[in-house]
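Residue-level structural notes
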Amino acid sequence: MTSLRPFTSGLQYGIPFYLQYLAHWPEYFIVAEAPGGELMGYIMGKAEGSVAREEWHGHVTALSVAPEFRRLGLAAKLMEMLEEISERKGGFFVDLFVRVSNQVAVNMYKRLGYSVYRTVIEYYSASNGEPDEDAYDMRKALSRDTEKKSIIPLPHPVRPEDIE
């Protein structure tokens, strides 16, 4: 198998961060490998939140597919696998954060059944003097959330420090 390095350059995560996820939530770290051993893509996430407040959920931390393997449905399959794990763990929903400007990803997540739950102001730190960027917190209800309460959109944006 090839390394994660081609997928991680330019991203905010270093190898120790990936290893921490792998150690704590190994079932949420899924790698897709081509028959020849090439790394096609990966998804990593975790389970978090409060069961008592019906906020126990799966979280997508990173999803990446190599350019030569895009538009084959691999991202959708990886998301489906993470959702299935979250279902088995009794999650109420799956969530993820995506840059507001990344309309390709936003549209893909919408096609997969996700909706915008809230906007998080200046969630992503900018570099090179650019302004910080907002994120959408997108969610998809799982079967445990029979009334779909977890995906009712918030009427106002929040700041990163307001996120639990």
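About the criteria used
- Residues numbered from 1 in each chain as written.
- Predicted model: local features only at pLDDT ≥ 70, side-chain atom pairs only at ≥ 80, totals over all residues.
- Heavy atoms only, no water.
- UniProt positions renumbered as here; feature names shortened; annotations may be inferred.
- Phe/Tyr/Trp six-rings, centres within 6.5 Å; stacked < 30°, edge-to-face > 60°.
- Helix = DSSP H or I, 4+ residues; strand = E, 2+ residues; numbered from the N terminus.
- Buried < 20%, exposed > 50% of the residue type's maximum accessible area, 1.4 Å probe, protein only.
- Lys NZ or Arg CZ within 6 Å of the ring centre and 35° of its normal.
- Expected span 1.5 Å × (residues − 1).
- Contact = heavy atoms within 4.5 Å.

An unreviewed UniProt entry lists the chain under the name N-alpha-acetyltransferase 20, with Poecilia mexicana as the source organism. Database annotation for the chain, UniProt heading Sequence similarities (unreviewed entry): "Belongs to the acetyltransferase family. ARD1 subfamily."

So, on to the packing of aromatic side chains. Scanning the entire structure with this criterion turns up nine aromatic pairs. Their ring planes at 75° and their centres at 5.8 Å tell us that Tyr18 and Tyr42 sit as a pair that is edge-to-face. Within this pair, whereas Tyr18 is found in helix α2 (residues 15–24), its partner Tyr42 is found in strand β2 (residues 39–48), the two being separated by 24 residues in sequence. Both residues of the pair, Tyr18 and Tyr42, belong to the buried class. Plain terms: the ring middles of Tyr109 and Tyr114 are 6.1 Å apart, the flat faces sit at 65° to each other, and that makes the pair edge-to-face. You'll find Tyr109 and Tyr114 in the same group, each marked buried. Among the aromatic residues, those joined into a cluster by ring pairs are Phe17, Tyr18, Tyr21, Trp25, Phe29 and Tyr42. Above the ring of Tyr124, the side-chain terminus of Arg99 is found at 4.2 Å from the ring centroid. Cation over ring: Arg139 sits above Tyr117, and NZ or CZ is 3.6 Å from the ring centre.

With that settled, the discussion passes to helix α3 (residues 74–88). Between its first and last C-alpha atoms α3 spans 21 Å; for 15 residues at 1.5 Å apiece the expected length is 21 Å, and the two agree. Inspection of α3 places Leu74, Ala75, Leu78, Met79, Leu82, Glu83, Ile85 and Ser86 among the buried residues, and these make up the whole buried set. At its buried positions, α3 is contacted by β1 (29–33), β2, β3 (57–65), β4 (93–99), α4 (103–111) and β6 (133–141). Positioned one or two residues after α3, Gly90 has a phi angle of 80°, which is positive.

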